[in-house]
Amino acid sequence: MSEPPSRIDLAELERPALEALFEARGLDRFRARQLFRWIYRHGVVDLAAMTDLPRDLRAALADEVAVATPHIVERERSSDGTEKLLLRLADGRRIESVFIPDTPSMTFCISTQVGCAMACAFCLTGKMGLVRNLTAGEIAGQVRVLVDAVHIRGKRFNIVLMGMGEPLHNYDETLKALGILADEEGLAVSPRRVTLSTVGLLPALERLAHEPIMPNLAISLHAPTDAIRGELVPINRKYGVADVIAACKRFPLKKRSRITFEYVLLAGVNDSVEDAKRLAKLLAGVKSKVNVIPLNAAAGIPFERPDDDAIDRFAQVLADHHLTVSVRKSRGRDIRAACGQLIVEGERRSSGQQLATLAFGH
Ligand code: SAH
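Heads up: these notes are all about the structure in this document. (Residues numbered from 1 in each chain as written. Predicted model: local features only at pLDDT ≥ 70, side-chain atom pairs only at ≥ 80, totals over all residues. Heavy atoms only, no water.)

**Thoughts on a negative patch on the surface**
Part 1 of the argument: On the surface, a cluster of negative charge is contributed by Asp-307, Asp-308, Asp-309 and Asp-312.
Part 2 of the argument: Mapping Asp-308 onto the fold places it in helix H11 (residues 308-320). (Patch = residues over 30% accessible without salt bridge, like charges linked within 9 Å, V, L, I, M, F, W, Y side chains within 5 Å. Areas by Shrake-Rupley, 256 points an atom, 1.4 Å probe, with all protein chains shown as cover. Salt bridge = Lys/Arg side-chain N within 4 Å of Asp/Glu carboxyl O. Lys, Arg positive; Asp, Glu negative; His and termini not counted. Charge placed at Lys NZ, Arg CZ, Asp CG, Glu CD. Helix = DSSP H or I, 4+ residues; strand = E, 2+ residues; numbered from the N terminus.)

So, in structure tokens, the structure goes:
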């Protein structure tokens, strides 16, 4: 007995590939463009609803194609308006995506992997390890789903690749997703509205420097020295602070644009005046802005958030050295949607300690 032929997942195709597919079957490219518009511009994946496509074409496609779309399993809304969505993928794996309504514009924080291999010492996703890469369709699919879930179709929004995963560790699918999202026939999210955040995988960063689609760049630095960074961000043992900064200096920036350096502030670890001074020295001559992120503490993370005075003092030293600094307001903390808190509930519940917390806490 033969298996039924597997369907072509249109969610994995960039528009040119969709057009090529249509052409190869003797169909008009224009039809492919219409289909692409339905999926991305209108958020419609049901062929029957694509009313401007000929009925017989829809019938023929119905047996052959699918548009895999992440399914919302759960959503939580924070008192500050931030919303966290738990999404189930075709293979049952789950990821989290976050909508932040006003930062100052609307922002989606999306995932690029299930789990993460980078194992940063203060990050909950890092505790999961890497389960698998997301496909381009799954990365772009989060945006398709979020746009309608929070009712902002047609409005402008930003995207930050700061959810689960390390985008440069899933390079091809991430860049392909950005291409799909940027397509003028679809959601038309300009790369200028996208920020890719990375621990600094240098070979991939060098590759990114030559891409036609160039998102804004954020580097998770977190420490001014190898001694400290090596303890927090394991990959630093391979790509050290000086090399990361040198790569940033070489990175081709558009006019007026700057690289964001993220710095998770950990009490007694990287938050001293001395650390701030060393950071300022390191970034002198780099077109940069610093985003200080006071740790979002959680069970299982062996660090503490500095008190407000220490946070202010750190930021002030940077400002005194003429750096542009912002201190990230923590969003969605009450629903564990804050930075570094994305980890799917199933994994969280699988730990005995967490089970106990849940049992006694509710
Ligand atoms: N892997 C990428 C993107 C995902 S993490 C990267 O590392 O940049 C997005 C940001 O959240 C990173 O700067 C990360 O260091 C930060 N982060 C992780 N855990 C955190 C926590 N517990 N509190 C505050 N920020 C955290």
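**Observations concerning the sheet that holds strand S9 (residues 158-161)**
Part 1 of the argument: An order of S3-S4-S5-S6-S9-S10-S11-S12-S13-S14 is seen for the ten strands of this open sheet, with the pairing classed as mixed. Strands at the two margins of the open sheet, each flanked by one partner only, are strand S3 (71-77) and strand S14 (325-327). Mean inter-strand twist for the sheet, computed between neighbouring axes without regard to direction, equals 20°.
Part 2 of the argument: Two elements, strand S10 (residues 194-198) and strand S11 (residues 216-220), share four bridges in a ladder whose sense is parallel. Bridge pairing in S11 links Ser-197 to Ala-218.
Part 3 of the argument: Across the sheet, H11 touches strand S12 (259-265), strand S13 (288-294) and S14, and the angle it forms with S14 is around 165°. (Pairing = 2+ DSSP bridges. Axes fitted to C-alpha atoms, helices over the stretch in contact; angles between N-to-C directions. Contact = heavy atoms within 4.5 Å.)

**With respect to the site of the ligand**
Part 1 of the argument: Around the ligand sit 20 residues in total, of which Phe-122, Ser-197, Ser-220, His-222 and Asn-296 are the nearest.
Part 2 of the argument: At a separation of 3.4 Å, an oxygen atom of the ligand approaches a polar backbone atom of Thr-198.
Part 3 of the argument: Protein coverage of the free-state accessible area of the ligand, which is 530 Å², stands at 96%.
Part 4 of the argument: Elements represented by at least two residues in the shell around the ligand include exactly S10 and S12.
Part 5 of the argument: Of the residues contributing to the shell around the ligand, the split by class is ten nonpolar, eight polar and two charged. (Near = heavy atom within 4 Å. Polar contact = N/O pair within 3.5 Å; in protein donor to acceptor, adjacent residues only side chain to side chain. Nonpolar A, V, L, I, M, F, W, Y, C, P; charged D, E, K, R; others polar.)

**Observations concerning the packing of helix H1 (residues 15-24) against helix H2 (residues 29-40)**
Part 1 of the argument: Their axes nearest at 8 Å, the elements H1 and H2 cross at an angle of 135°. Taken together, the axes of H1 and H2 are oblique relative to one another. The element H1 and its partner H2 pack so that their crossing is right-handed. Taken together, the residues of H2 that come into contact with H1 (itself represented by Arg-15, Leu-18, Glu-19, Phe-22 and Glu-23) are Arg-29, Arg-31, Ala-32, Arg-33, Leu-35 and Phe-36.
Part 2 of the argument: A class-by-class count of the residues in the contact of H1 with H2 yields five nonpolar, no polar and six charged. (Parallel < 35°, antiparallel > 145°, perpendicular 65-115°, else oblique. Left-handed = near helix turned anticlockwise from the far one by under 90°.)

**Comments concerning the nonpolar core**
Part 1 of the argument: Counting 112 residues, the largest nonpolar core has Leu-35, Phe-108 and Phe-122 as its most contacted members.
Part 2 of the argument: The element that contributes the greatest number of residues to this core is helix H5 (residues 136-149), accounting for eight residues.
Part 3 of the argument: Residues in contact with Phe-108, not counting those within four places in the same chain, are Val-98, Phe-99, Val-143, Leu-146, Val-147, Val-150, Ile-152, Phe-157, Asn-158, Ile-159 and Val-160. (Core = buried A, V, L, I, M, F, W, Y, C linked by side-chain atoms within 4.5 Å. Buried < 20%, exposed > 50% of the residue type's maximum accessible area, 1.4 Å probe, protein only.)

**A closer look at the pairing of strand S4 (residues 83-88)**
It is a general feature of regular strands that their side chains alternate between the two faces of the sheet.
Part 1 of the argument: Among the six residues in S4, five count as buried, and that is most of the element.
Part 2 of the argument: Two elements, S3 and S4, share six bridges in a ladder whose sense is antiparallel. The partner of Arg-77 across the bridge, within S4, is Glu-83.
Part 3 of the argument: As consecutive antiparallel partners, S3 and S4 are separated by five residues, and within that stretch Gly-81 has a phi angle of approximately 95°, a positive value.
Part 4 of the argument: Both S4 and strand S5 (residues 94-100) contribute to a ladder of six bridges, which runs antiparallel. In the sheet register, Leu-85 faces S5, and the bridge partner there is Ser-97.
Part 5 of the argument: Between the antiparallel neighbours S4 and S5 lie five residues, among them Gly-92 with a positive phi of about 90°.

**Regarding the environment of Gln-142**
Part 1 of the argument: Turning to its location among the elements, Gln-142 is positioned in helix H5.
Part 2 of the argument: Excluding residues that lie within four positions of it along the chain, Gln-142 makes contacts with Pro-70, Leu-87, Ile-95, Glu-96, Ser-97, Ile-110, Ser-111 and Leu-134.
Part 3 of the argument: Within the structure, Gln-142 has its side chain in polar contact with the side chain of Ser-97 (distance 2.9 Å).
Part 4 of the argument: In terms of polar contacts, Gln-142 uses its side chain to reach the backbone carbonyl oxygen of Ser-111, at 2.8 Å.

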